[in-house]
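Given next are the chains, with one letter for each unit.
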Amino acid sequence: MNWQSPFSLPGHWYKGNLHTHTTQSDGRRSPEEALAWYREQGYDFCALSDHWVLTPGGSDGAGLVSLAAAELNGDGYHLLTLGLSEIPSRRLEHEPQAVIDAVKAQGGLAYIAHPYWTGRPSSEIAALRGLDGIEVYNSVCEVSKGTGHGRVHWDDCLSAGLRLTGLAVDDTHWGLEEAGGGWVMVRAPEPTEAALLAALAAGHFYASAGPAILDLRIGGAEADAPVLEVVCSPCAEILFYTCGPRGRRVAAEPGASVCRASLPLQREQVFVRVECRDAQGRCAWTNPVYLQDVFAC
Ligand SMILES: [Zn+2]
Ligand SMILES: [Zn+2]
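Residues numbered from 1 in each chain as written. Chains lettered and ligands numbered in written order. Predicted model: local features only at pLDDT ≥ 70, side-chain atom pairs only at ≥ 80, totals over all residues. Heavy atoms only, no water.

Undergrad: In this structure, what is going on with the overall build of the chain? I would like to understand it.
TA: What the chain contains, in helices and strands, is 8 helices and 19 strands. By the compact-globule yardstick of 19 Å for 297 residues, the chain fits well, its C-alpha radius of gyration being 18 Å. Referenced to the eigenvectors of the C-alpha coordinate spread, the extents of the chain come out at roughly 55 × 40 × 35 Å. Here the chain holds 297 residues, and the buried ones make up 56% of them. Within the chain, contacts between residues separated by at least 24 positions form 60% of all contacts whose residues are at least 6 apart in sequence. Carbon and sulfur atoms form 50% of the exposed surface of the chain, whose accessible area is close to 12,400 Å². Computed over 22 positive and 35 negative side-chain charges, the separation of the two mean positions in the chain equals 4 Å. (Helix = DSSP H or I, 4+ residues; strand = E, 2+ residues; numbered from the N terminus. Rg over C-alpha atoms; globule rule 2.2 N^0.38 Å. Buried < 20%, exposed > 50% of the residue type's maximum accessible area, 1.4 Å probe, protein only. Contact = heavy atoms within 4.5 Å. Areas by Shrake-Rupley, 256 points an atom, 1.4 Å probe, with all protein chains shown as cover. Lys, Arg positive; Asp, Glu negative; His and termini not counted. Charge placed at Lys NZ, Arg CZ, Asp CG, Glu CD.)

Written out as structure tokens, the structure reads:
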């Protein structure tokens, strides 16, 4: 099996927000004020991703790590980029594939931001090459327009054969109640920019807007009958999403909660990812498990 659960890796869990705006572009707080807020909220890392402005990474010496970041947006698309060393030429602005290529050439990571809010059809995203992931949840889009979820875009791209991780972010501009509304929990050996970026690239994380995921593993009595098992904080329902209608919903009885669920795995599912939803409708999202990896010899 070529799949490894982040829950079985050595290291620790680190909480971070990967999409943040400041007065360097259209945010209302200065970079210093923004970083101070995340530090006070107990975050381990943060990425200041202003529009076409690169904020370098590093450590503030007080426990908060920054990841180099910028949001590179053009006509009909926004790209959240991490770990880059310089801003690509803005002449590429209206060619998302050229921007992605420029970011990847620097060893950076590129994510489609808030696809529902932007109105980008899944088919156009799935035609892009080199993406690392997609925002499955964007807090400011949800709070302002109800368009924060990207789960259908994500599944469309996964069904088309792309391998994309899923981020939850707050994308705060400090004007509404969006700050802290979405984050990632990254499993890494140490809280450094390099280790966190490597773990993000490898998919060693989960995303959340509330619930905690406590375990994700493949069990099952027989090697040829694997079962995906998830454990989470008390939730109202646990959902398994796959390619086509091969998933499962496990719901708690009214007034009760569910903390674990499982799904037998089949090659035809192509991918399986799990969402845990609490009684307030807040979700946590695992990254996809690819059945090709599970059944690899
Ligand atoms: Zn944006
Ligand atoms: Zn943004």
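Undergrad: I would appreciate a short explanation of the coordination of the zinc ion (ligand 2) in the present structure.
TA: Coordination angles at a metal have ideal targets, namely 109.5 degrees for four tetrahedral donors and 90 or 180 degrees for six octahedral donors. On the protein side, the zinc ion (ligand 2) has His19 (NE2), His21 (NE2), Glu71 (OE) and Asp171 (OD) as donor atoms, found 2.0 to 2.3 Å from it. Metal-centred angles of 78 to 162 degrees between the 4 donor atoms at the zinc ion (ligand 2) mark the site as irregular. Separation of the zinc ion (ligand 2) from the zinc ion (ligand 1) amounts to 3.4 Å, with Glu71 serving as a shared donor to the pair. (Donors = N, O, S within 2.8 Å, 3.2 Å for Na, K, Ca; no water. Tetrahedral: all angles 85-135°; square planar, octahedral: opposite > 155°, others 65-115°.)

Undergrad: How do you make sense of helix H7 (residues 193–202) when you look at a structure like this?
TA: Note that an α-helix has 3.6 residues per turn; residues three or four places apart therefore point the same way. For H7, the set of buried residues is Ala195, Leu196, Leu197, Ala199 and Leu200. Trailing H7 by a residue or two, Gly203 shows a phi angle of about 80 degrees, which is positive.

Undergrad: Mind showing me how you'd approach the sheet that holds strand S5 (residues 69–74) here?
TA: Two pairing modes exist for strands in a sheet, parallel and antiparallel, and in both the strands are linked by backbone hydrogen bonds. The 5 strands lie next to each other as S5-S6-S7-S8-S9, forming an open sheet whose pairing is mixed. Each having just a single partner strand, S5 and strand S9 (165–169) make up the two edges of the open sheet. On average, each strand axis in the sheet is tilted by 35 degrees relative to the strand beside it, whichever way the strands run. For strand S8 (residues 133–138) and S9, the ladder comprises 5 bridges, and the chain directions are parallel. Directly across from Gly133, in S9, lies its bridge partner Thr165. This element, helix H6 (residues 151–159), spans S8 and S9 of the sheet and lies at about 160 degrees to S8. (Pairing = 2+ DSSP bridges. Axes fitted to C-alpha atoms, helices over the stretch in contact; angles between N-to-C directions.)

Undergrad: Help me understand the sheet that holds strand S12 (residues 213–219), please; the structure alone is not making it clear to me.
TA: Strands sit in the order S12-S13-S16 across an open sheet of 3 strands; the sheet is antiparallel. Pairing within the sheet leaves two strands with one partner each, and these edge strands are S12 and strand S16 (258–264). Taking the axes of each pair of neighbouring strands and ignoring which way they run, one obtains an average angle of 15 degrees across the sheet. Where S12 lies against strand S13 (residues 227–235), 6 bridges are found, and the strand directions are antiparallel.

Undergrad: Sorry, what's going on with the packing of aromatic side chains here?
TA: With the rule as written, the count across this model stands at 8 aromatic pairs. Each ring, one from Trp37 and one from Trp174, has its centre 5.5 Å from the other, and the planes form 75 degrees; the classification is edge-to-face. One end of the pair, Trp37, is in helix H1 (residues 31–40); the other, Trp174, is in the loop between S9 and strand S10 (183–188), with 137 residues separating them in the sequence. A relative accessible area of 11% places Trp174 in the buried class. An angle of 80 degrees between the planes, with centres 4.9 Å apart, marks the rings of Tyr38 and Tyr43 as edge-to-face. Residue Tyr38 is classed as buried on the basis of its relative accessible area of 0%. Three or more aromatic residues joined by ring pairs make a cluster, and in this case those are Trp37, Tyr38, Tyr43 and Trp174. The positively charged end of Lys15 is found above the aromatic ring belonging to Trp183, 4.2 Å away from the centroid. Here the basic side chain of Arg273 rests over the ring of Tyr241, its NZ or CZ set 4.5 Å away from the ring centre. (Phe/Tyr/Trp six-rings, centres within 6.5 Å; stacked < 30°, edge-to-face > 60°. Lys NZ or Arg CZ within 6 Å of the ring centre and 35° of its normal.)

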